[in-house]
Every structure is written in structure tokens, then in C-alpha cells.
Amino acid sequence: MTQANPEDTAAAAPVCRRLIGRTAVITGAGSGIGLATARRLADEGAHVVCADLDERTGKAAAEAVGGTFVHADVTSPEQVEALFRTANDTYGSVDIAFNNAGISPPDDDSILTTGLEAWKRVQEVNLTSVYLCCKAALPYMRAQGRGSIINTASFVARMGAATSQISYTASKGGVLAMSRELGVQFAREGIRVNALCPGPVNTPLLRELFAKDPERAARRLVHIPLGRFAEATEIAAAVAFLASDDSSFVNATDFLVDGGISGA
Ligand code: NAI
């Protein structure tokens with residue numbers, strides 16, 4: 001599953017240099033979608049600040065893209081503020097915030113079984129973190145009069161899933177609503193805010209879920225019109241578009257990159 005996928009034509013497409021001189025903060029940059037996006041935005045010319053709770057993978061990501069690593073837990077207001085301050089102090093601006101760090105649902109995430117502590121933990125990492133990152137990024141963007149915020153939600157926020165992931169789905173629904181609200185509030189200040197809704201992506205997070213419940217992969221595949229899972233590079237290509245001026249009229253939207261699941 002980790003080999004190059006010949007159907008991932010995004011990985012082979014020529015890369016434009018749309019982000020020269022822009023500074024991008026990426027949370028969860030050590031793995032999966034965050035790592036692929038760090039590579040993509042750096043290839044497009046951005047200065048990339050890679051944040052992760054995992055020091056080893058986060059540092060490796062920053063080294064790989066010639067960027068800066070910041071060890072940050074996205075649930076900590078102080079650490080999130082320090083993250084965006086470091087980006088601004090190091091590169092002189094905060095142009096792009098890809099608020100992407102997240103965790104998968106707890107085992108058996110049905111409303112009948114998920115306890116309050118597990119529920120709260122998922123809201124904290126997947127939703128409160130996005131609130132904290134937007135709050136920390138906005139003052140820099142408002143002072144600059146421009147910025148693009150991309151918050152990672154999920155296709156599951158748009159549709160019910162029989163796989164029972166109540167805490168996860170609710171957290172991602174909150175990300176959609178918050179992104180819309182902020183996109184509307186700050187549009188006149190030159191700041192666009194969009195929610196990114198990937199379908200299932202071949203990353204460690206998904207592989208961990210499927211390892212626990214192998215039949216889940218087959219159940220998921222049935223519903224994907226393209227007949228396969230996404231590669232992280234395909235999601236990164238969408239983030240690069242949302243981060244760049246090519247998406248200048250795309251705001252406050254649920255940006256689906258889901259292989260057609262939600263349209264089926
Ligand atoms: P991943 O597990 O490969 O990477 C997540 C990264 O976030 C890891 O490097 C991890 O160390 C970091 N992280 C976790 N908690 C953190 C915290 N408290 N502070 C800082 N960093 C933290 O996951 P993947 O698949 O790349 O997911 C990224 C985002 O995409 C998540 O928000 C996930 O919910 C979302 N997503 C993933 C899909 C998939 O199928 N893989 C589908 C739709 C959405």
C-alpha cells in the first residue's frame with residue numbers, strides 16, 4: 001500500500017511555483033497528508049513550518065523540505081501561539097495555515113459505547129485545535145490583509161457512515177461549520193477560510209483503522225466511485241490549490257476530494 005500508485009496522476013503532474021515567498025504553517029506535518037503537503041508546498045516555493053507532536057517525524061519532515069520544525073501539541077493554546085509566532089519571526093509572514101493534525105476515532109466509536117472522556121479527547125484534538133490554530137493565525141493575516149486557512153475536515157462530516165464513528169464525525173462537522181463561519185467573517189479582509197474534505201486516504205491513520213477491522217477496507221471501497229483510496233499526494237495537490245491565488249474566489253466551502261463518494 002505504500003508503493004507509488006500509477007493512478008495517482010497528481011504525483012506525476014508538473015508542479016507550478018505558485019507559492020514563492022509565502023509562509024505556510026502545517027500541523028501534523030510529520031505523517032500522511034501533512035507530510036505530503038509539506039513536500040508539495042515547499043516544491044511550489046513556500047517556506048514551510050512543520051509542526052507535530054511527534055518530534056522525530058516532524059523534524060524529519062522539516063529537514064526533507066528545507067523548512068523549520070516546531071514541536072507543538074495542537075491542543076495547547078500556548079504551544080499553538082508559539083508555533084505561529086515562530087513562523088512569523090522566522091519568515092516575516094503567515095500566509096497559509098493548514099490546520100490538519102488529527103486523530104482517528106476510538107475503537108468502536110458508536111454513541112452506544114463511546115465514553116465521555118474518549119469523546120472529549122477527539123473533540124480536543126480534531127476540533128478545538130482548529131479553533132486554536134485559526135485564532136493564532138488570524139492576527140498575522142489580518143495585519144497583512146491576506147491569508148488562506150485550510151482546515152482538514154473529512155467526507156464523513158457530509159454524510160452518515162454505517163461504520164459508527166460518532167465522536168470523529170461530530171468533530172469534523174464542527175470543523176466544517178467553523179470554517180464556513182470564519183470564511184464569511186474575514187472575507188472582506190482578504191482572508192479565505194476553507195474546509196478540506198478528503199475521502200479515505202492511504203496514510204498511517206487509515207492503515208491503523210483497517211488493521212483493527214480488515215473488513216472495513218472492503219466496505220469502504222464499495223462506496224468509492226473511483227474504486228480506490230486516495231494517495232496523500234492527491235490531497236496535497238488540492239491543498240496547494242486552496243493555498244494559492246488560483247483559488248482566489250474559493251471561500252467558506254467544503255472542498256471535497258473524495259473520489260466521488262459523496263456524489264454517489
Ligand atoms: P496521520 O496519522 O498519518 O498524521 C497525523 C499527524 O498528526 C501525525 O504526524 C501526528 O503525530 C500528528 N498529531 C496527532 N495529534 C497531534 C497533536 N495533538 N498535536 C500535534 N500533532 C498531532 O493522519 P492523516 O491520515 O494524514 O490525517 C491528517 C488529517 O486528515 C486528520 O485530521 C484526519 O482526521 C484527516 N483525514 C484523514 C483521512 C484518511 O483517510 N487518512 C480522511 C479524511 C480526513
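As a reminder, the structure under discussion sits directly above these lines.
Here is a short report on the structure shown in this document.

Conventions adopted
- Residues numbered from 1 in each chain as written.
- Predicted model: local features only at pLDDT ≥ 70, side-chain atom pairs only at ≥ 80, totals over all residues.
- Heavy atoms only, no water.
- Near = heavy atom within 4 Å.
- Polar contact = N/O pair within 3.5 Å; in protein donor to acceptor, adjacent residues only side chain to side chain.
- Areas by Shrake-Rupley, 256 points an atom, 1.4 Å probe, with all protein chains shown as cover.
- Helix = DSSP H or I, 4+ residues; strand = E, 2+ residues; numbered from the N terminus.
- Pairing = 2+ DSSP bridges.
- Axes fitted to C-alpha atoms, helices over the stretch in contact; angles between N-to-C directions.
- Contact = heavy atoms within 4.5 Å.

Here we come to the site of the ligand. Around the ligand lies a shell of 27 residues, among which S31, D52, Y168, V201 and T203 are the nearest. Residue S31 places a side-chain N or O atom 2.6 Å away from an oxygen atom belonging to the ligand. Isolated, the ligand exposes 830 Å² of accessible area, and the fraction of that covered by the protein chains is 92%. Those elements that provide at least two residues to the shell around the ligand are α2 (32–43), α6 (166–186) and α7 (204–212). Sort the elements by how many residues they give to the shell around the ligand and α7 lands first, with three residues.

Now for the sheet that holds strand β5 (residues 147–152). Spatial ordering of the open sheet is given by β3-β2-β1-β4-β5-β6-β7, a layout of seven strands whose pairing is parallel. Only two strands of the sheet have a single partner each, and these edge strands are β3 (68–71) and β7 (254–257). In this sheet, adjacent strand axes meet at a mean angle of 20° when their direction is disregarded. Summarising the sheet, strand β6 (residues 191–198) and β7 pair through four bridges and their orientation is parallel. Residue pairing for β7: L196 is matched across the bridge by F255. Across the sheet, α6 is in contact with β5, β6 and β7; its angle to β6 comes to roughly 160°. Packed onto the sheet, helix α9 (residues 232–243) meets β4 (96–99), β5, β6 and β7 and runs at close to 165° relative to β6.

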